[in-house]
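Observations on the three-dimensional arrangement
This is what each chain is made of:
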Amino acid sequence: MLTEIAFYSLSFVAIISSLLMIFHKNAMYSVLFLLVCFFAVAGLYVMLNAQFLGIVHIIVYAGAIMVLFLYVIMFLNMSSPVTIRKSKLVMVAAVFTGLLFLFVLFAALWATPFGQAPQLVDQNIGLAKTLGKVLFNEFLIPFEVTSVLFLSGMVGVVIFNKKEAENE
Amino acid sequence: MNEFIELKDQLRLIPLEHYVFLCITLFCIGMAGVLLRRNMIIVFLSIELMLNSVNLLAVSFSVYHNDPAGQAFVFFNMVVAAAEVAVGLAMLVMIYRNIRTVDINALNRLKW
Amino acid sequence: MLSVLSILLPALSSLFISLGTRDWARRISLASVFLSMILVVLEGFLLKPTAEMQHVFQSAWMSSAGIMFYFGMDSITWVMLLLSNLAAFVSVLLTEVPKERNPKLVFALILAMQALMNGAFLSIDLFVYYVFWELSLIPAFFLLLLWGNGKIQKTTLKFFLYTLAGSLFMLAAIIWLGISGPTIGFGLEKMMGLTLPHETQVAVFVAFMVAYAVKIPIFPFHTWQAETYSSAPIPLTILLAGVMLKMALYSMVRWVIPIVPDAMLSVGPVFLWLAVFGIVYASVIALKQTEIKKLFAWSSMAHVGLIAAGILTASPDGLKGAVLQMLAHTINALAFLMGVHLLSKWKKAGGLADFGGVRNMDPFFGGLFLLFVFSFISVPFTAGFPGEVMLLSSLFHWNEWSSFLAGLAMILGAVYMLKAYQLLMLGPANPEFTQYGAFQNPMSLSDKLLMLALATLILFLGLFPQRLLEWIDNPIQNILNTN
Amino acid sequence: MNYTPAQLIALLIPALPLFGFFIHFLFGKWIKPGFSGWIASFWVFVSFLFSASLFLQIPKEGKQHVHLYTWLKSGAFQVDFAFTIDALSSIMMMLITGVGTLIHLYSIGYMHNDKEIRRFFSYLNLFVFFMLILIMADNFILLFAGWEGVGLCSYLLIGFWYQNHAYNAAANKAFIVNRIGDLAFLLGVFLLFQHTGTLTFESINQFFSSGQPVIPNSSVALTTEPLAPGTILAITLLLFLGATGKSAQIPLFTWLPDAMAGPTPVSALIHAATMVTAGIYLILRNHALFMLSPATMDIIMATGLLTSIFGGLVALKQHDCKKILAYSTVSQLGLMFFALGLGAYHAAFFHLLTHAFFKALLFLGAGSVIHALHGEQDIRRMGGLAGKLKLTRWVFLAGVLAIIALPPFSGFFSKDAILLAAYQKSPLWWLLGLFAGLLTVWYMLRLYFVMFHGNSRLDQQQEKSLHDAGTEMAVPLVVLAVFSVAGGLLNIPSLFLGNQWLSTYLSSVIPLSVSHVSHATEWVLMGTSTLCVLGVTLFARNKYSVLKHVPCEDNSLKNNRLQYMFAGKFFVDEVYHAVIVNPVQKLSDFLFSYIDRKWIDGLVEGTGRLSLFLGSKWKETQNGFISYYLFAMALGMIGILVIFILL
Amino acid sequence: MNTFIILSSSGIIAMLVGSHQRKQWGLPVVLAACFLAILSITLPWLGDYSAVLHNMLSFDKLSTSFSLVMVFLTIGILILSHYYYNPGVEHLSDIYALFMFSLAGGILLVSFQNFVMLFLGAEILSIPLYILAASHRRHLSSNEAGLKYYLMGSFATCFMLLGITLIYGASGTFDLNELRLFLTNGGMQSSLFMTGITLVFGTLLFKLSAVPFHFWAPDVYQGAPTVLTAFVSTVVKVAVAGAMIKLAAAISFEGIPASANVVSQIAFSQTTWFWLLVLASAASMLFGSIVALQQNDLKRFLAYTGIFNAGFILLPVLSNQPNVLSSLLYYMAGYGVAAILCFTLYAELKKLTGIDTMSGLQGLLHKHKLAGITMIVCLLSFTGIPPLAGFWGKFGILSLSMQSHLIPLVLVAILSSLIGAYNYVRIVTSIATPDEQNATKLTFHPFFIGWLALGTLLLIAMGCFPEAFIDLF
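Residues numbered from 1 in each chain as written. Chains lettered and ligands numbered in written order. Predicted model: local features only at pLDDT ≥ 70, side-chain atom pairs only at ≥ 80, totals over all residues. Heavy atoms only, no water.

On a plain count of helices and strands, chain E comes out with 21 helices and zero strands. On C-alpha atoms alone, chain E measures out to a radius of gyration of 21 Å, which is about the 23 Å that the 2.2 N^0.38 rule sets for 473 residues. For the C-alpha atoms alone, the extent of chain E along its principal axes is close to 70 × 55 × 40 Å. A total of 473 residues make up chain E; the buried ones form 74% of that total. Taking contacts inside chain E between residues at least 6 apart in sequence as the whole, the part at least 24 apart equals 81%. (Helix = DSSP H or I, 4+ residues; strand = E, 2+ residues; numbered from the N terminus. Rg over C-alpha atoms; globule rule 2.2 N^0.38 Å. Buried < 20%, exposed > 50% of the residue type's maximum accessible area, 1.4 Å probe, protein only. Contact = heavy atoms within 4.5 Å.)

From N to C terminus, chain C includes 23 helices and two strands. In terms of overall dimensions, chain C is globule-like: its C-alpha atoms have a radius of gyration of 21 Å, near the 23 Å expected for 483 residues. Counting only residues that meet the buried cut, chain C has 71% of its 483 residues in that class. The long-range share in chain C, meaning contacts at least 24 apart out of those at least 6 apart in sequence, stands at 81%. Taking the average place of the 25 positive charges on the side chains of chain C and the average place of its 22 negative ones, the gap between the two points comes to 11 Å. (Lys, Arg positive; Asp, Glu negative; His and termini not counted. Charge placed at Lys NZ, Arg CZ, Asp CG, Glu CD.)

Of the residues lining the interface, 10 residues belong to chain B; the matching set on chain D comes to 12 residues. Between chain B and chain D, roughly 1000 Å² of surface is buried when both sides are summed, and carbon and sulfur atoms account for 69% of that area. For chain B, the biggest contributors to the area lost against chain D are B:L35, B:N105 and B:W112; these three give 54% of the whole. Linking chain B with chain D are zero salt bridges. (Buried area = accessible area lost by both parts, 1.4 Å probe. Salt bridge = Lys/Arg side-chain N within 4 Å of Asp/Glu carboxyl O.)

Let's shift gears to the environment of C:P258. Residue and element names in this part refer to chain C. Assignment of secondary structure puts P258 in helix α11 (residues 234-259). Classification of P258 as buried rests on a relative accessible area of 1%. Considered as a pair, P258 and T482 are 224 residues apart in the sequence and their alpha carbons are 5.5 Å apart.

What follows concerns the arrangement of the chains. Of all eight pairs of chains that touch, the greatest number of contacts is found between chains A and B. The smallest C-alpha distance separating chain A from chain C is 39 Å, and no contact links them. You won't find any contact between chain B and chain C; their C-alpha atoms come no closer than 24 Å.

Below, the discussion takes up helix α9 (residues 191-208) of chain E. All names here are of chain E. Look at α9: 25 Å from first C-alpha to last across 18 residues, which is about the 26 Å you get at 1.5 Å a residue. For α9, a buried count of 18 out of 18 residues is recorded, marking the element as mostly surrounded by other parts of the structure. Trailing α9 by a residue or two, S209 shows a phi angle of about 60 degrees, which is positive. (Expected span 1.5 Å × (residues − 1).)

To continue, consider empty space enclosed by the protein. The rolling of a water-molecule-sized probe over the atoms marks out the regions of remaining empty space. Across all of its chains, the model carries 14 cavities of 30 Å³ or more by this definition. Each pocket or cavity is described by its volume, and for the largest cavity that value is around 130 Å³. For the lining of the largest cavity, the secondary structure elements donating two or more residues are α17 (410-425), α18 (427-452) and α22 (519-546) of chain D. The element that contributes the greatest number of residues to the lining of the largest cavity is α18(D), accounting for five residues. Across the lining of the largest cavity, the residue classes tally to nine nonpolar, four polar and two charged. Counted as a void, the second largest cavity has a volume near 100 Å³. Taken together, 13 residues form the lining of the second largest cavity, with C:H303, C:F376, C:E388, C:A409 and C:M410 sitting closest to its centre. Sorting the residues of the lining of the second largest cavity by element identifies α14 (292-312) and α19 (400-425) of chain C as the ones contributing at least two each. The leading source of residues in the lining of the second largest cavity is α19(C), at five residues. For the lining of the second largest cavity, the per-class residue count stands at nine nonpolar, three polar and one charged. (1 Å grid on protein atoms, 1.4 Å probe; cavity = no way out; pocket = protein on both sides within 12 Å on 5 of 7 lines; lining within 4 Å. Points joined across faces, edges and corners; volume = space filled by probe spheres on them. Nonpolar A, V, L, I, M, F, W, Y, C, P; charged D, E, K, R; others polar.)

Turning next to the pattern of salt bridges. Side chains that carry opposite charge are capable of pairing whenever their charged atoms lie near each other. Taken as a whole and assessed by the stated rule, the structure comprises 26 salt bridges over all chains. A salt bridge links D:K173 to D:D258; its shortest N-O distance comes to 2.8 Å. Within this pair, whereas D:K173 is found in helix α6 (residues 165-196), its partner D:D258 is found in helix α9 (residues 255-258), the two being separated by 85 residues in sequence. Take D:D258: its relative accessible area is 24%, and that puts it in the partly exposed class. The closest approach of N and O atoms between D:K173 and D:D573, which form a salt bridge, is 2.8 Å. With D:K173 in helix α6 and D:D573 in helix α24 (residues 572-618), this residue pair connects regions lying 400 residues apart in the sequence. The class for D:D573 is partly exposed, based on a relative accessible area of 27%. Several salt bridges converge on common partners, so that one network encompasses C:K154, C:K158, C:E227, D:D596, D:R597, D:D601, D:E605 and D:R609.

Another point: the interface of chain B and chain A. One frequently used descriptor of interface size is the decrease in accessible area upon assembly of the parts. Between chain B and chain A, the residue contacts involve 75 residues of the former and 85 residues of the latter. Carbon and sulfur atoms make up 81% of the area that chain B and chain A hide from each other, which totals about 7500 Å². Counting across the chain B and chain A interface gives zero salt bridges. Between chain B and chain A we count seven residue pairs in polar contact (both at pLDDT 80 or more) in total. Elements with a contribution of two residues or more to the side of chain B that touches chain A: α1 (7-13), α2 (16-36), α3 (40-65) and α4 (69-99) of chain B. Here the side of chain B that touches chain A is composed, by residue class, of 54 nonpolar, 12 polar and nine charged. (Polar contact = N/O pair within 3.5 Å; in protein donor to acceptor, adjacent residues only side chain to side chain.)

Before going further, it helps to spend a moment on unusual backbone geometry. With an omega dihedral of -10 degrees, the bond running from C:I216 to C:P217 counts as a cis peptide bond. Its place among the elements puts C:P217 in the loop between α9 (198-215) and α10 (225-231). Residue E:P386 is joined to E:P387 through a cis peptide bond whose omega torsion reads -10 degrees. In this fold, E:P387 is placed in the loop between α17 (369-383) and α18 (389-403).

Within the largest apolar cluster, 782 residues are counted, with the highest numbers of intra-cluster contacts made by A:F101, C:F208, C:Y212 and E:F193. Of all the elements, α4(B) adds the most residues to this core, at 22 residues. Discounting residues that sit within four places of it in the chain, C:Y212 has contacts with C:Y129, C:W133, C:M170, C:A248, C:S251, C:M252, C:W255 and C:V256. (Core = buried A, V, L, I, M, F, W, Y, C linked by side-chain atoms within 4.5 Å.)

Glancing now at the side chain of D:Q622. Tracing the sequence through the fold places D:Q622 in the loop between α24 and α25 (626-646). A polar side-chain atom of D:Q622 sits 2.4 Å from the main-chain carbonyl oxygen of E:F215. In contact with D:Q622, other than residues within four places in its own chain, are B:K111, B:W112, D:Y629, E:H214, E:F215, E:W216, E:P218, E:D219, E:F287, E:R300 and E:Y304.

We now examine the packing of aromatic side chains. Each pair of aromatic rings is reported with the distance of its centres and the angle of its planes. All told, the structure shown has 123 aromatic pairs over all chains when counted by the stated rule. Where C:F374 meets D:F175, the ring centres are 6.0 Å apart and the plane angle is 40 degrees; that geometry is what we call tilted. Of this pair, C:F374 sits in helix α17 (residues 363-376) while D:F175 sits in helix α6, each in a different chain. Per residue, the accessibility class of C:F374 equals that of D:F175, and both read buried. Between C:K215 and the ring centre of C:W133, over which it is positioned, the NZ or CZ distance is 4.1 Å. (Phe/Tyr/Trp six-rings, centres within 6.5 Å; stacked < 30°, edge-to-face > 60°. Lys NZ or Arg CZ within 6 Å of the ring centre and 35° of its normal.)

Moving on to the side chain of D:S74. Along the polypeptide, D:S74 turns up in strand β1 (residues 64-74). Engagement of the side chain of D:S74 in a polar contact is seen with the side chain of C:D317, the distance being 2.7 Å. Ignoring anything within four residues of it in the chain, the contact list for D:S74 reads C:P316, C:D317, C:K320 and C:M390.

Right, let's get into the confidence of the model for chain C. Put simply, chain C has an average pLDDT of 87, and 98% of its residues get 70 or more. Within chain C, the element-level pLDDT minimum falls on helix α20 (residues 431-434) of chain C, averaging 67, and the maximum on helix α13 (residues 268-287) of chain C, averaging 91. (pLDDT = per-residue confidence, 0-100.)

A few words on the packing of helix α3 (residues 87-110) of chain D against helix α11 (residues 278-285) of chain D. Residues and elements named next belong to chain D. Taken N-terminus to C-terminus, the directions of α3 and α11 make an angle of 165 degrees; their axes are 11 Å apart at the nearest point. One element, α3, and the other, α11, form an angle in the roughly antiparallel class. Once α3 is placed against α11, the crossing between them reads as right-handed. Of α11, the residues touching α3 (which contributes L88, S89 and M92) are Y281, L284 and R285. Taken together, the residues that form the contact of α3 with α11 break down as four nonpolar, one polar and one charged. (Axes fitted to C-alpha atoms, helices over the stretch in contact; angles between N-to-C directions. Parallel < 35°, antiparallel > 145°, perpendicular 65-115°, else oblique. Left-handed = near helix turned anticlockwise from the far one by under 90°.)

With that out of the way, let us pick up the packing of α3(D) against helix α10 (residues 264-273) of chain D. Residue and element names in this part refer to chain D. Look at α3 against α10: their axes get within 9 Å of each other, and the N-to-C directions meet at 165 degrees. The angle between α3 and α10 places the two elements in the roughly antiparallel class. Every pair of crossing elements has a handedness; the one defined by α3 and α10 is right-handed. From α3, L95, V99, G100, I103, Y106, S107 and Y110 reach across to α10, where they touch T264, P265, A268, L269 and A273. When its residues are assigned to classes, the contact of α3 with α10 shows nine nonpolar, three polar and no charged.

In structure tokens, the structure reads:
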């Protein structure tokens, strides 16, 4: 019962905060609402016994990515509401498209038999130990490869925003 | 861990569908956000939301399949999301410097 | 091996010219076309009038797809080779490009076109044939573009795309033929051995015929022709009308009949009627044309439509008449266009009404031109007659009314050709010619000799076509007896 | 190949004029203009001698067959370059080479001032060659070659004075109208070939006389059943249509009057004596075939009669002496067809011969007048020439008397034979034939009297330089006059105790028909017609010679509808122009500018334009807004998912 | 794996070199790396990574041959970049490094055996491209191109992730082999899986710029630096096509090379994504060729023909025949060589004349003969005139499609090829027609001319000796 309450309340918080995020005029508030949403999602991770991931999630998203966003917002001095208005039609269309996609996915997945939950559940899969083993054995190659991804991301940031030389 | 209820009970209580539909809903909200807003930052945020919803989905599948690979996958998602966001925000700053707005539609020299 | 020489000689000369100097371009190409003619004659001497392919050359190109350089000739091919090289000969002879207009390029392109068209005639690998067929369009395209006049960009584009449009569907059909059957391959023997289901035959037939209908052209696919002919320089028109459209007719004989004989009987009549309708249509339209080359284009469509109709009857008479008439039409076209070319040297104009009184000033030219006109309207004992009679007869055998309609071109042809002759040649001397002092006859000795040679050919073919008919008998029987 | 002397001669007959042509064609530059005519005449004359010798041999040795080489052959479709000389063709050959020689001679005088006399004679020689091919051919296609060839020469000679565009137009018209007939001819031949499998006259005649297919190279595709009447009707009608083209019958006669644009000797040779009789020759050659189709025979008869009356009526109101003669030719040819349609082949052929003589004579006589008057052809500006051009007047008179069928001139016998045949069919036909004959009397006498009698209406200059024909021109005139007067001797009917020499000679080709008209009837008929002719003659003399009536201008005829029609040649040309030529021209415009440019090319360019249009429309989907693109992408995803759900 | 390591480390080396004020060394480093990469592809015995691969990647025939083509094309593009970038451009070596990273990503993409690698490969391929597209900081069009590419790319990434996750949810694995096991046990019925795979294909279509996910392509092609445009239109397409073939083969019960088994053929052609791809292919071909009719900017024009190409590339993906790889690669190689030549010439012309629309090409043949001929040969090769590379490429693909009975699609391909022909030949006419306003002759650096000649000869040689080149792949 408690789990249900936890799940539904977390879900509710996640959905509501994400909705607020997308509808709020002030970018700053949007970031904060998303933060709320991320916390709710982290709660769900924990509920799924993926505690390690939940913590990483908090650290990476709330701690790093959202801060980055806030930083950019501050940097660009956009804390006041930005008045970029979209026409009603676009609003309606966007909401409609979102709902449509939702509907389509629901329709596609509605009939899916998700089956019974497995009887024997390895409670350890969410642990850092297990994940670490998986990550450094099975997923070693992808893990290493992500370095290139990061590197290129860094290069990108440098290319975009390094102070320009005089003679470009 | 002990504060929490046994996982087995949890699984029985909350079927997978609920997670799936929650994730899908979040995904669609993110998508609507992308479509709805012209503020680049919010669009980025919405994309983050979409990625997160997928992460949640992956974790729940992982748990239900009793397979840690799904959770490992989430790590990579995070990596990619972080890299993307870094690039995106850098690009945003650069563009903001050039055109002094974060409106995604401000740039439409290229068309037809 | 000899057959490859007919391709290589002009091709190498073309290369040589493009690497050589401008001064030598014309001389080299003259030598080349002359040698090509000798080569053709030599091949003719060595050729036996049997059904099988001779002077065969075979070498793999793309063995995984069964594509090979596979050339050979029988007597039908030889006739085509003759007309192709004859046309190239005349074309080169008539081409005089001032130095500043890049003669190298022009001659190289003409020779390249000759090589490629020879290749299309000689290939007995369907795929290589297609390659030559398609590629021969490129030199024509550039000749037209670089050397034509009028709204040349549009005309060129239309010409190119229209012909390409047909060819692409043919390519699809060729690929289909290549992959059907026990092995992947495009050789003539395999193609002749194919027995396809009827629906496939129909599809293949239509795809081929659309390509040919554009090139020939047959009625609703003809709209590129008049503009192209009229804006092309005469040597190019000679190649287009003299050889390129024969490629399509020859291909019908060589490929379509043996590969899809059933479709020829079931769907062929549609194209036959189109061709016959086109004959009347083109003839009627030609009545009111006021430009020489456009008139020629329309009349050509009428003549060639008859040949196409004859081939589509798939009867020995029709095929023989068609081969005969192809040669005759080329000779006629050469002769007529050569006349037009000389006229355009007299005066830079293209309208029928711009001339007049030429015969008065040069009876020799006027007289021979009259012979050419008569051959064009197939008066007996000229080249145009025997083929026309055989074609009409075969058509008559197929359907009386088709022969009647096709025969209408005899009347209408006389109407517009005689009118054209009257306007161009007859009447009082045109003051414009003598306006700037005495009339200068620019006909060189070689022009005169060439005209005489063509006149001789016209009479010879008109009087003694039987040799040729006997000669092509076996291959034609062979083609008709497939399946 | 070995040829017998007779065969060699047969080969030489057409070869010599051809040789003459080539001499002129190749070496014309070096031939003296004055000499050219003699060379040309020489070859034709030698041909004539050879023809005569063949003519003499035929009764003894039977018909001659010469095979030169195979011209065209594909399966059963075999065309040999081969000649068959039998009684019919040998007479025709004599006629052509004989009259040809005379007219060549005449032309020497007539054309002596012309700069291009050499070209003229080369054409004449070429014509004789083609005409001989036509006559001697042993198969339809070779005959067709000659047939077209003479048309070609006719074209060349009508447009001989090519500086004049009106003449060129006339030449074109002649060729084109002939082509219409030629097409019908060719189609008829094809139809014939399709059903009999052969193209030679001999096998075809054999086929139709025996009813058995005689197929030299039997081809499976050919039908071997006996011919349906409809087929024969179609064949014969097509061939007849061909004949109407060449022989200037309704509906294809319009070229002949215009063909008078050519030099007068040409009119005499080609458009009176020889070429225009080719159609009659064709039917005579294939009489066995035509006999099988009574309907065709009736049509031929009706057409002939109609043409004859028509030509006569039009000739009544013409002023150009050559035009009158041209319409007279049309009319006389009509009579011949009338005879053919009646089955009176011998009569038709007889009339063909006599007509060749007197019409050639009339043309040459008229030519002599025209020559004397420096090209004047309008009879209203002549008159009173009898005293000054004596020879011409007398020979012309001989010709006139012959053509109006006054006994005992040649025309009388031939026309009488035709009328007799008509009477055998029905008295009505006889009456109509007689009417046509009387029309001839009227317009010929009108021509003669207005030209030679009455007051002179020449201008000063013409008066001064008036001269009678020179020797070269006189000799042919006299010879032809003799033949015109005495030509009747060739075939004196049994009524006058004649032996019907011509008919007998021809009977090897065309069997004699037995007459079942009593002599008394014949006398009555002959007497009636002669009286009528005499009566009309007197009237004409009264009107044109005694009262010196001169034909008035055309526009004064406007009040008299009928005469106006005559003078306007029944406006057949105009009708043809309105009904055929104009619509075709309009059709040409319509097809070109509307169907071709607008629709077909419009469709072709339209596909291009449609693509361009689509391109310009579709490219607007690419409007540059990122949010729009994102929408599109989301919708795309939705789209593929929907497809997935639906499938 | 060697290749990946070589390429990515060469990127790092290039960056290091560049940061030490030796920018001119950047290009040689990456070029050398490319040649090394070719060696490492052709000599696979250098190093055994099976212990660590865990079936994440497999360097099979498909992977090696696709990698080879990609590296070859990259070499061409690097040479192009030499002409495109002024030596003084900032971050030049970084740019080269990014190309190397992207190429490395492409190699991962064609070697993937695991959806994680597919995802990462796609990202490693793409993120450097986003950066490169916007790398002209001051150029608004470059900014715009970068932004559009980035935004749409990350949006698409979300869908790909969703798709992969759904597949994972259905099958419980990311591994292709295990997925096949799952599918053979009736996994085809799982709508979870089907939705997922549909989304993954959709994303790949996006990367390929096929309709309806083509919207980014024209704008990005036009606005981005020409070098990047060349890269996106050639290397990226090869990589994505390779991934698609691998994926399609993996989920259609057929290995690579698939056997021409009729039963499995039907199995494949009955699947949803088959029809999806058919529709996308037809729509792309038509859309690309038709809209290209209305373009005047050369790069944008090539973008639309690129959309056509995306559709055309789908044909071999659909046809599932034994020699699909060699045909596709030959086609892409031919296309790539011609496209790179075009872009090179375009870049150089823009430098010389400053005109970047097609009117800049007017009379090129008369201004500089070799340049004109090169351009004409390229365009004719695009058109598919025999015997140029483009012809054999089209021939190979069309004959494969015919063998797979994709007749309607072949007809659409022919139709749009025809419209495409109009596009190309239109340019050929303007190249060959003398320019009245400006007939000044152009002069190029001899090396550049040599490079043009080499490329042209390569195109012709590929056409004249198709077998030799097809055997390469």
